[in-house]
Amino acid sequence: MCLAVPLVVLLLLVLATWGLAHHIYFDRSGVPDLEPFIRFELSTIGKVYDARGTVLVELAREYRQLVSYEEVPPVLRHAILAVEDKNFFAHSGVDYRALPRVLYKTAMSSMSAWWNGNGFRLRLPQGGSTLTQQLVRGYFLRDRSSRENDSALFRDNLTSRLLSVVVGARTTNKLFRKLEEIRLALWLEEEMSRRFGSREQAKREIFARSASFNYLGNGRYGFAAGSEYYFGKPLSSYTMEDAGKAALLAGITKAPRDYLPVPGDARPLRRRNEILALMARNGYIPENLAKRLQAEPVLVAKATNSPVKTQAPAAIDTVFDELRQHGAGRFSVEDLFQGRISVHATVDQRMQTIVNGALETGLALYEKRHPQANGLIQGSVVVLRNADAAILAEAGGRYFYKNRYARYSDLNRATGSLRQAGSAWKPMVYLAAFREGLKLDTTVPDEPIAVPMGADRPMKWIANYDNEFKGPIAMRQALAESRNAVAVWITREIGLDRVIGTSRELGIRTPLQPYITTALGASEVRLLELAGAYRAMASGILAEPYIIDRVTGASGEVLYEAARTALEFNSSHLNLIQEGLRGVVRIPEGTAHSLYGRDFPIPVMGKTGTTSDFRDALFVGSTYGPQGVTVAVRIGFDDNRTLGDKETGGRAALPIFREIMLLTYQQELVGSAPSFPREIEDGIDQYLEGEQSR
């Protein structure tokens, strides 16, 4: 009887040990699906490129770069192996030679806790895991690892409950997670060896996945992303002289919060030097090199974690809109964030830089006149290619606003703001009038005119900006001087429906108010739509503005390409509006006459716009024909307050247009500035000569 109890206990221990060993070494039930791991389906970095292949923005949920084993330089491989798993290529997923060290640490940690009065509990130490175990833990057991410190047991069974009485729930959870980690590490190496045909190749694949998976801090995953972030250096450039950088990177993964390479912090310096010593001890680098590098301070590249990840946040916002529009189940914005697609945009980053700078300069000039508006005034700009309406640059707001930098998630005022167009709308009126038989030299009345404002409301008398009326006047002169009374008279004569119909044909999609004041730009429109309409008038080509040239998949296959369906604008009267808008610049009384002279040698057409009470200032203009470009600028406050007396489109917005056009053509970003046809310039010359002879 005395021997029976010990024998039963021994038998139970043997059975438990056999059951545990069978589960770890032979039981492959319930293992995860290996296929995603084989394909290594991790989110990487999605990129939006400009028209020249320059990266406009990198987007990611996790900023990661995947690398193959060969792409990890030997010096970094050696640093990783030295600090994490020097026997990686010799073991089968679990390094049994580390077991005595782990048992010793477990005993010492448990005894120390008991000695300090914390009660006797089994305390499992950190460390002892192979690279394979670490990868299994992060890839397959992430959820379990995140919950192992909970007081609730993973497995609510008799074995877990009995064990938790002895060592506690948290230690029980950790112990079972560790056992599952060992089991899956052995399984993974077996399966990878079978899939890739040899143990050596399997090891290389596992190493590469580990090197791409690890978290390196600051949102960067994988050593390639970490190296470029901290050192501004691609892995392909590493030599043995970069052992210090390799040691710093290898040291981060243990505890990114503690070992990020921060100059002056003793912790990453100490860990780097420990790893360099290990590399020398293992024969990876010469000892004298290790000592020399240990004496160097921790150096990192200039900070690259600016809140602004792109110079074109508004353009990226428009990219998102077009991805939603054209994805049709094939791709989405999320695919871009996951790095599964790349977007090639029509934007030219060189022109985007010009636009950003010109907008800031123009707003600074306004703030100089109105110091109380410092940091509050806003603006937006769109640049379109005349030939096909491709967006070459887009600014949805100022670079720094309300004490922070612009982001692509901010309000894009070029596409998201509905604001009145003011006198920038009048070309729609004049083009509609030309279609009804009126000519540039048709005499029209610039005289007092009233419009109905609705039932039980008095008539509204239309005034000009200068509060004067010139009487009979040529249509081209009225357009150049932006005479309000004439625009209303023309609209009354031809009918508002024809004005609205013409605007629709030019690409205005926003609903317009069915009131005659729409002739003066009282209806709200988007700046991008307005730019598109002027582009159509300048080029004679109808096309919808677009920003995505093509979308490619992870393997470079083209998933989407812009249709580029441009149609000729069927209007024999197009040359009349072109000559009229050129006259706004050339006629001395024109609101854009400052764009005609030796200091601005670029031939342009365009129109100023100023809304009621000076709430918005606009200028939209173009160089001629399909080879030209169109630039639209709008300045105003987000709360729609007044800009101030005499803050017209010619004063607040035109200087921004001027700078963009000058720099664009000086730098030859879109070729040479096209000339206007001789008949257009001659028509204006003859009119001016006739005026002078009177």
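A brief look at the structure comes next. Values in this document were obtained by computation on a predicted structure and should not be read as measured data.

**Some words on the overall build of the chain**
Here comes step 1: A count of helical and extended segments in the chain gives 25 helices and 22 strands.
Here comes step 2: Taking all contacts inside the chain whose residues are at least 6 apart in sequence as the whole, residues at least 24 apart take part in 69%.
Here comes step 3: Surface summary for the chain: the accessible area is close to 32200 Å², and the carbon and sulfur share equals 53%.

**Notes on the packing of helix α18 (residues 426-435) against helix α22 (residues 527-539)**
Here comes step 1: Two elements in contact, α18 and α22, have axes whose closest approach is 11 Å; the angle formed by their N-to-C orientations is 40°. With respect to α22, the axis of α18 lies oblique. Judged by the twist between their axes, the crossing of α18 over α22 is left-handed. Contact residues: P427, M428 and L431 in α18; L530, A533, Y534 and M537 in α22.
Here comes step 2: Split by residue class, the contact of α18 with α22 holds seven nonpolar, no polar and no charged.

**What about the side chain of E62?**
Here comes step 1: If you trace the backbone, E62 turns up in the loop between β2 (55-59) and β3 (63-64).
Here comes step 2: Look past the residues within four positions of E62 in its chain and what remains in contact with it is S43, T44, I45, R142, G219 and Y221.

**Topic: unusual backbone geometry**
Here comes step 1: One non-glycine residue with positive phi stands out, namely A328, at about 50°.
Here comes step 2: Its location among the elements puts A328 in the loop between α15 (313-326) and α16 (333-337).
Here comes step 3: Under the relative-accessibility criterion, A328 is labelled exposed at 69%.

**What about the packing of aromatic side chains?**
Between two aromatic rings, the relevant description is the distance of the centres plus the angle of the planes.
Here comes step 1: The final tally for this structure, using the stated rule, is 20 aromatic pairs.
Here comes step 2: Taking 4.8 Å as the distance between ring centres and 75° as the angle between the ring planes, the aromatic pair formed by Y139 and F140 counts as edge-to-face. Each of the two residues, Y139 as well as F140, counts as buried.
Here comes step 3: Among the aromatic residues, those joined into a ring-pair cluster are F37, F40, Y139, F140, W187 and F213.
Here comes step 4: We note R641 situated over the ring of F637; from NZ or CZ to the ring centre the distance is 4.6 Å.

**A short note on the nonpolar core**
Here comes step 1: Within the largest apolar cluster, 123 residues are counted, with the highest numbers of intra-cluster contacts made by L323, V381, W425, Y430 and I635.
Here comes step 2: The residues touching Y430, leaving out its near neighbours within four places in the chain, are M475, A478, L479, V486, I490 and I577.
Here comes step 3: Listed in part, the 57 residues of the second largest apolar core include V67, M192, A211 and L260.

**Focus on the sheet that holds strand β6 (residues 378-385)**
Here comes step 1: Read across the sheet, five strands follow the order β7-β6-β22-β21-β20 without closing on themselves; strand pairing throughout is antiparallel. Across the chains shown, the open sheet's two edge strands, defined by having one partner strand only, are β7 (391-395) and β20 (605-610). Taken pair by pair, the neighbouring strands of this sheet meet at an average axis angle of 5°, ignoring direction.
Here comes step 2: Pairing of β6 with β7, which is carried by four bridges, proceeds in the antiparallel orientation. Each residue of the ladder has a partner; that of V383, found in β7, is A393.
Here comes step 3: Strands β6, β20, β21 (616-622) and β22 (629-636) of the sheet are contacted by helix α24 (residues 649-666), whose axis makes an angle of about 35° with β21.

**A look at the pattern of salt bridges**
Here comes step 1: Counted by the stated rule, this structure contains 45 salt bridges.
Here comes step 2: The residue D242 makes a salt bridge to K245 at a minimum N-O spacing of 4.0 Å.
Here comes step 3: Owing to a relative accessible area of 29%, K245 belongs among the partly exposed residues under this scheme.
Here comes step 4: Residues R267 and D265 are paired through a salt bridge, measuring 3.2 Å at the closest nitrogen-oxygen approach.
Here comes step 5: With a relative accessible area of 34%, R267 lands in the partly exposed category.
Here comes step 6: On the basis of relative accessibility, which here comes to 21%, the residue D265 falls in the partly exposed class.
Here comes step 7: Taken together, the shared-partner salt bridges in this structure form one network comprising R582, R586, R678, E681, D682 and D685.

Basis of the calculations
Residues numbered from 1 in each chain as written. Predicted model: local features only at pLDDT ≥ 70, side-chain atom pairs only at ≥ 80, totals over all residues. Heavy atoms only, no water. Helix = DSSP H or I, 4+ residues; strand = E, 2+ residues; numbered from the N terminus. Contact = heavy atoms within 4.5 Å. Areas by Shrake-Rupley, 256 points an atom, 1.4 Å probe, with all protein chains shown as cover. Axes fitted to C-alpha atoms, helices over the stretch in contact; angles between N-to-C directions. Parallel < 35°, antiparallel > 145°, perpendicular 65-115°, else oblique. Left-handed = near helix turned anticlockwise from the far one by under 90°. Nonpolar A, V, L, I, M, F, W, Y, C, P; charged D, E, K, R; others polar. Buried < 20%, exposed > 50% of the residue type's maximum accessible area, 1.4 Å probe, protein only. Phe/Tyr/Trp six-rings, centres within 6.5 Å; stacked < 30°, edge-to-face > 60°. Lys NZ or Arg CZ within 6 Å of the ring centre and 35° of its normal. Core = buried A, V, L, I, M, F, W, Y, C linked by side-chain atoms within 4.5 Å. Pairing = 2+ DSSP bridges. Salt bridge = Lys/Arg side-chain N within 4 Å of Asp/Glu carboxyl O.

The values reported here are purely geometric and, on their own, carry no functional implication.
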